[in-house]
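# A closer look at the structure
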Amino acid sequence: MDAIEAARAVVEEQHPEVRTAFLGGSVATGRGTATSDLDVVVLLHGAPAPYRESLQYADWPVEMFVHTEATWRAYIERELPTRRSPLLWMCADGLLLFDTDGLGARLAAHARALVAAGPPPVSADEIDDCRYAITDLLDDLAGSTDPSERLFIATELVRRTGELALAVAGSWGGGGKWLARRLETTAPELNTRLHHGLREVLDGRAEPLVTVVDEVLARAGGRLWVGYKRAGTP
């Protein structure tokens, strides 16, 4: 059973009362691998939505995200300020599996419009938080001689630097493989240099990674340590 057939079948079995459903994620965008699951967004009229569930259907692992129209919109609104919304992208890029009353077409158009408009701008405080965290990691990397420590420091540096670069560029972010994919689209040269820099750290040479991290920091105001201050929660 192929991905689309399996996605339709599992929705029909689990939710015969479905209003609309999408198949999203790597499989829908043509980047599936041997271990990819089916990311399925289902919209119902009411209960038991909202919930998410991981299950097995035929030979496919399935991640099912079940919503009503109201909870779908609420989740999107909550995720937009983070500049990364898997739910939004699953519907913007996804395949429409069912659409009983036109809701799916409306949500897909709305999702595509939001994606095209781009994420909300990053705040100055968020930029400074990133600069501070990356500066701290650079200091840790410079002072560490332990290979295991350097591995985790460098990996965190790559992740945070990629996130900062996307934020400064006004681009959508992502986690895990989706961070790499967003960078591949927005800043392919940076993606390559971060990958190369991480490999160099593992071979004992930190300079290439430090150089590219400092270049990204420079676009955001440079390293930040002295003068950084945040109020605590009472």
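Residues numbered from 1 in each chain as written. Predicted model: local features only at pLDDT ≥ 70, side-chain atom pairs only at ≥ 80, totals over all residues. Heavy atoms only, no water.

The residue after A47, namely P48, is reached through a cis peptide bond having omega 10 degrees. Tracing the sequence through the fold places P48 in the loop between β2 (38-43) and β3 (51-57). Of note, the amide linkage connecting A49 to P50 takes the cis form, showing an omega dihedral of 0 degrees. The phi torsion at A58 lies on the positive side, around 55 degrees, for a residue other than glycine. (Helix = DSSP H or I, 4+ residues; strand = E, 2+ residues; numbered from the N terminus.)

The way to describe two aromatic rings as a pair is by their centre distance and the angle between their planes. Enumeration over the complete set of coordinates arrives at three aromatic pairs. Ring centres of Y132 and W225 lie 5.2 Å apart, and the angle between their planes is 15 degrees; on these two criteria the pair is classed as stacked. Of this pair, Y132 sits in helix α6 (residues 124-143) while W225 sits in the segment after α10 (207-220), and the two are 93 residues apart along the sequence. Between Y132 and Y228 the ring centres are 4.1 Å apart and the planes differ by 10 degrees, which places this aromatic pair in the stacked class. Placement of Y132 in helix α6 and of Y228 in the segment after α10 is noted, with a sequence separation of 96 residues between them. With a relative accessible area of 25%, Y228 lands in the partly exposed category. Ring pairing ties together the aromatic residues Y132, W225 and Y228, which thus form one cluster. (Phe/Tyr/Trp six-rings, centres within 6.5 Å; stacked < 30°, edge-to-face > 60°. Buried < 20%, exposed > 50% of the residue type's maximum accessible area, 1.4 Å probe, protein only.)

Okay, the side chain of D39 next. Within the secondary structure layout, D39 lies in strand β2. Setting aside chain neighbours within four positions, we find D39 in contact with F22, L23, G24, G25, E63, F65 and M90. (Contact = heavy atoms within 4.5 Å.)

On to the nonpolar core. The biggest cluster of nonpolar side chains holds 25 residues, and the ones touching the most others in it are I134, L157, L164, L190, L194, L209 and V213. Mapped by element, the contributors of at least two residues to this core are α6, α7 (147-168), α8 (177-186), α9 (188-202) and α10. With seven residues, α7 is the largest single contributor of residues to this core. By size, the runner-up hydrophobic cluster in this structure holds 23 residues, among which are A6, A7, V18 and A28. (Core = buried A, V, L, I, M, F, W, Y, C linked by side-chain atoms within 4.5 Å.)

Moving on to the environment of L217. Assignment of secondary structure puts L217 in helix α10. With relative accessibility at 1%, the residue L217 sits in the buried group. With 83 residues separating them in the primary sequence, L217 and I134 have C-alpha atoms 8.3 Å apart. Those residues in contact with L217, other than ones at most four positions away along the chain, are R131, I134, L138, L164, G222 and R223.

Interhelical geometry of α8 versus α9 gives an angle of 130 degrees and a closest axis separation of 5 Å. Here α8 is positioned oblique relative to α9, judged by the angle of their axes. For the pair α8 and α9, contact is made by A180, L183, E184, T185 and T186 and by P188, L190, N191 and L194, respectively. Looking at the contact of α8 with α9, its residues break down into five nonpolar, three polar and one charged. (Axes fitted to C-alpha atoms, helices over the stretch in contact; angles between N-to-C directions. Parallel < 35°, antiparallel > 145°, perpendicular 65-115°, else oblique. Nonpolar A, V, L, I, M, F, W, Y, C, P; charged D, E, K, R; others polar.)

Everything listed is a geometric property; what it means functionally is a separate question.
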